[in-house]
Every structure is written in C-alpha cells, then in structure tokens.
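Per-entry structural report
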Amino acid sequence: MSVNKVILIGNVGKEPEVRYLENDVRVANFPLATTERGYTMSNGTQVPDRTEWHSIVVWRNLAEIAEKYIHKSTKLYIEGKLKTRIYEDKAGIRRYITEIYADNIQILSQPQQQPQQPQQPQQPQQPQQPIYGSAAAPVMQQPMIEQMTQPNNSIENPVQQEF
C-alpha cells in the first residue's frame, strides 16, 4: 500500500492562469506560498522564516472556483497529490517539475480589498462563509459541508483491519 497525499495551508502568490481545453474543460495553475516561522535557538542564534513555493494545478470545477474566487494573497487550504512531469526545454535540457494536483480546496480568507472610490456609497458587508470545493463535488457553503460530514452513528465501520 502507498499514499500520495499533500495538505497545504498557504497564500496564493499570483492570479490563477486559466486555460480552456476541448469541451469547455478548464485547467488553472497558480503558486501557493507556505511559510515556516523563524525562531531563536537556545544559544541565541536566529533562524529566519522559510517560505516554500508550490505549483498548484486544478481541473474542471475546481478551475472554475479558482477563476471566480481565488486571487493573489487568498489564503487556501488544499488537499491533493504530488505529480512530477519531465519535459525538455528549448535548449534540449531535460527538466523536472513537481506540481500539486488539488482534489479539495477551501478558501480560508479573501485578500483585503482596496478602499472604494469616495463617490460610491459604501454598502455594509456581510460576513463571508468559507467556500469549499472538490474535484468530485460542486461548490458548497460550510453548513452544507458540516451536514454531509457529520458521523452517522447508526452505521458501523464495515472494514476493520488489525496491524
């Protein structure tokens, strides 16, 4: 048995690039930054923050979510799997790229919006609930997700395995 599972929480580095393929199939790519906070060691040495950049790929309805709701500096929770591609660049050199193919995305926060122009009256904003999406399910608001993920105590786990 093997597992290829990635879970990330980070900030989008730039606007998603969305491409349209045959039959209105969409694919979107965007970078996601995750940061490990720095610290001070017991001997006083400062260890700085360390940021890793991840290439995220989303298909079909997740690409639609990315196109509509995901912007630079949006904070996301992503579940997916690692895939490595090999290609040759223009100079004929073999290159490797590792990407995360997202299966589930949850938008944790939207980027701060620019102040509105003074001639427009400001409208009160309602609190926004997180947006959830997966490769196999439509976009949902949190209460529906919570209902779907509540454990059902009347059904016992049919598969139990001892190790």
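In this report, the structure presented in the accompanying data block is examined. Treat the numbers as computed from the prediction; the structure is a model and nothing was measured.

Observations concerning the nonpolar core
- Ranked by internal contacts, the top residues of the largest apolar core, which has 19 residues, are Phe 30, Ile 56, Val 58, Ile 70, Leu 76, Ile 78 and Ile 105.
- Only strand E1 (6–12), strand E3 (26–36), strand E6 (50–59), helix H1 (60–69), strand E7 (75–88) and strand E8 (94–109) provide two or more residues apiece to this core.
- Those residues in contact with Ile 78 that sit more than four places away from it in its chain are Val 6, Ile 7, Leu 8, Phe 30, Leu 32, Ile 56, Ile 100, Ala 102, Asn 104 and Ile 105.

Re the environment of Gln 46
- Here Gln 46 is to be found in strand E5 (residues 46–47).
- You can call Gln 46 exposed: its relative accessible area is 58%.
- Residues contacting Gln 46, with those up to four places away along its chain left out, are Tyr 39 and Thr 40.

What about the packing of aromatic side chains?
- Tallied over the entire structure, the rule returns 0 aromatic pairs.
- Above the face of the Tyr 101 ring, Lys 83 is positioned so that its terminal group lies 4.6 Å from the ring centre.

Let's talk about the pairing of E3
- Summarising the sheet, E1 and E3 pair through 2 bridges and their orientation is antiparallel. Bridging across to E3, Val 12 finds its partner in Leu 32.
- Bridge analysis of strand E2 (residues 17–20) against E3 gives 4 bridges, and the strand direction is antiparallel. Bridge pairing in E3 links Glu 17 to Asn 29.
- Linking E2 to E3, which pair antiparallel, is a turn of 5 residues; within it Asn 23 sits at a positive phi near 60°.
- For E3 and E6, the ladder comprises 10 bridges, and the chain directions are antiparallel. Bridge pairing links Glu 36 to Arg 50 in E6.

The rules behind these values
Each residue is numbered by its place in its chain's sequence as written, counting from 1. Local features in this predicted model are restricted to residues whose pLDDT is 70 or higher, and side-chain atom pairs enter the listing and the counts only when it is 80 or higher, whereas totals over whole chains, interfaces and linings include all residues. Side-chain metrics rest on all non-hydrogen atoms present in the structure, leaving aside hydrogens and water. Remark: nonpolar core denotes a set of buried residues (Ala, Val, Leu, Ile, Met, Phe, Trp, Tyr, Cys) joined through side-chain atoms within 4.5 Å. The classification of residues rests on relative accessible area computed with a 1.4 Å probe and restricted to protein chains. Under 20% of the type maximum is buried, over 50% is exposed, and intermediate values are partly exposed. Helix and strand assignments come from DSSP, with helices taken as H or I runs of at least 4 residues and strands as E runs of at least 2, each series counted from the N terminus. By definition in these notes, contact holds between two residues if any of their heavy atoms fall within 4.5 Å. Think of it this way: a Phe, Tyr or Trp ring, Trp meaning its six-membered ring, pairs with another when their centres are within 6.5 Å, and the plane angle makes it stacked under 30 degrees, edge-to-face over 60, tilted otherwise. The criterion is that NZ of a Lys, or CZ of an Arg, lies within 6 Å of the ring centre and within 35 degrees of the ring normal, and then a charge sits over that ring. One bridge is not enough; two strands pair if DSSP finds at least two bridges between them.

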